[in-house]
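Architecture at a glance
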Amino acid sequence: MTKPRLIADSETLAGLCTAWRESAFVTVDTEFMRENTFRAKLCLVQVGAPGIEPVAVDPLANGIDLTPLYDLLARAPVLKVFHAARQDVEVLLPLAGGVPQPLFDTQIAAMVCGFGESVGYETLVAKLAQGRIDKTQRFTDWARRPLTERQLNYALSDVSHLRTVYEKLAAELERTGRRSWLDEELAVLTDRATYEAPPEEAWRRLKVRGGNRRFLAILRELAAWREVEADRRDKPRGWVLRDNALSEIAAQRPRTVAELAKLRSLSQRTAESATGAALLDAVKRGLALPDEQCPSPPPRNDKSATPAALTDLLKVLLTFKSEETGVARRLIASADDLERIARGETAGVPALQGWRRSLFGDDALDLVNGRLALSVQHGTLRLLACDSDGAEDRLQAPVRPVAAAEGG
């Protein structure tokens, strides 16, 4: 086995980036730590390319200039191939100054090609590259140096096998004519707005049960303060203040240090500190906000307004479409999509847009509006078009896609 290469100097990295720019694609993965910080700490970047031995780049190496690497990722036209890219992109975006693109995500591509829901990298490596991933190093502390040869081999396996996985999935997408489906999904993944979370929107991540608009206005101010403070300290949000403390403060609306100190979720010391003063200021801002500027509670999912039987029929149709095309159910439509369609909603429903509409959405609307029926004949589910002359057979039995059945 070739000894794994760890790149720790600027000159070598710059030379490699020049070579990678000439490749049709590069495979990329990252290792990072975020348990004790607000911002993820990038610890390793693994890069592979056709005909070039994969390497690991050490962002923690003393004096290393990562500018050529970041330029390659964010601005060079060479395709960047990731598996389950969301977290990698989130970590790289502020460092590289842009979203890595053009981009290809093998997990999403595999869901389009018939490998099931959120297929794991190990599964794809086994089926498409006939390889095996050593999982024993998965929980490594990637910030600790030096890294062992075994750790580096594990890290590099994530990009070496990825070359074969990408090539086979790309070929399958072309064979099935589904590359445009993947492009729709990647448009969201490569949109910078996907990763931008303004502090004033941080309250939406909290699990709020009930609460009026004034409560939410105060909670929004408190959550925004915590977001900024956690970023400033570079500490996890919960280390600054726990979610339950935010909710208690918003509900009790303390106006003085004494009132703040009486809350169960805060200590006397915290109430009397600069943190306590900042919390009282946030409460004051929330209380001073005009009624019309207070946020509205998130819409409740009223199950009683959703026809349960119709939702179940839509689930059957979704399963049929998933089995027929090999596209993962979750990628076609969510449970919320089905409930909204059952209630007669159409605006803004993801399952009624783009490739999803032609694959599932149009038939879902026909089913809801009585233009489509489900039938079982000889143990096989069939879709029947309903018109003035009665019902007629529309589709035959589902067919397993080649990629899923034969492993590519």
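Here we summarise the structure given alongside this text. (Residues numbered from 1 in each chain as written. Predicted model: local features only at pLDDT ≥ 70, side-chain atom pairs only at ≥ 80, totals over all residues. Heavy atoms only, no water.)

Considering soluble globular proteins, one finds that nonpolar side chains tend to be buried as a cluster. Judged by nonpolar contacts, the single largest core of 97 residues is most densely connected at Trp-20, Leu-69, Leu-169 and Phe-360. Ranked by residue count, the leading element in this core is helix α6 (residues 149-176), at 11 residues. Setting aside its immediate chain neighbours within four residues, Trp-20 contacts Leu-13, Val-26, Val-47, Ala-49, Ile-52, Val-55, Val-57, Leu-69, Leu-72 and Val-78. Counting residues in each nonpolar core, the second largest holds 28 residues, with Leu-216, Ile-218, Val-240 and Ala-282 among its members. (Core = buried A, V, L, I, M, F, W, Y, C linked by side-chain atoms within 4.5 Å. Buried < 20%, exposed > 50% of the residue type's maximum accessible area, 1.4 Å probe, protein only. Helix = DSSP H or I, 4+ residues; strand = E, 2+ residues; numbered from the N terminus. Contact = heavy atoms within 4.5 Å.)

The next subject is the packing of aromatic side chains. Under the definition given, this model contains 4 aromatic pairs. Their ring planes at 55° and their centres at 4.6 Å tell us that Phe-25 and Tyr-166 sit as a pair that is tilted. With Phe-25 in strand β2 (residues 25-33) and Tyr-166 in helix α6, this pair connects stretches of sequence that are 141 residues apart. Given a relative accessible area of 6%, Phe-25 falls into the buried group. Aromatic pair Phe-104 and Tyr-166: ring centres 4.8 Å apart, planes at 85°, arrangement edge-to-face. Pair noted here: Phe-104 is in strand β6 (residues 103-105) and Tyr-166 is in helix α6, with a separation of 62 residues, a long-range link. Using a relative accessible area of 0% as the deciding quantity, one classes Phe-104 as buried. On the basis of relative accessible area, Tyr-166 is assigned to the buried category, the value being 12%. The structure contains a cluster of three or more aromatic residues connected by ring pairs, namely Phe-25, Phe-104 and Tyr-166. (Phe/Tyr/Trp six-rings, centres within 6.5 Å; stacked < 30°, edge-to-face > 60°.)

Turning our attention to the sheet that holds β2. If you walk across this open sheet you meet the 6 strands as β1-β4-β3-β2-β5-β6, and the pairing is mixed. The sheet is open, and its two edges are formed by β1 (5-7) and β6, each paired on a single side. Averaged over all pairs of adjacent strands, the angle between their axes in this sheet comes to 30°, without regard to strand direction. Here 7 bridges tie β2 to strand β3 (residues 41-49), and the two strands are oriented antiparallel to one another. Among the inter-strand pairings, Asp-29 is bridged to a residue of β3, identified as Gln-46. Strands β1, β2, β3 and β4 (52-57) of the sheet are contacted by helix α1 (residues 10-20), whose axis makes an angle of about 135° with β4. (Pairing = 2+ DSSP bridges. Axes fitted to C-alpha atoms, helices over the stretch in contact; angles between N-to-C directions.)

This part covers the pattern of salt bridges. Applying the stated criterion across every chain yields a total of 25 salt bridges. For Glu-229, the salt bridge identified is with Arg-233, shortest N-O distance 2.9 Å. Taken together, the positions of Glu-229 and Arg-233, both in helix α8 (residues 213-233) and 4 residues apart, correspond to about one turn of that helix. On the accessibility criterion, Arg-233 (32% relative accessible area) is partly exposed. Here the salt bridges share partners, and the residues they tie into one network are Arg-39, Asp-231 and Asp-234. (Salt bridge = Lys/Arg side-chain N within 4 Å of Asp/Glu carboxyl O.)

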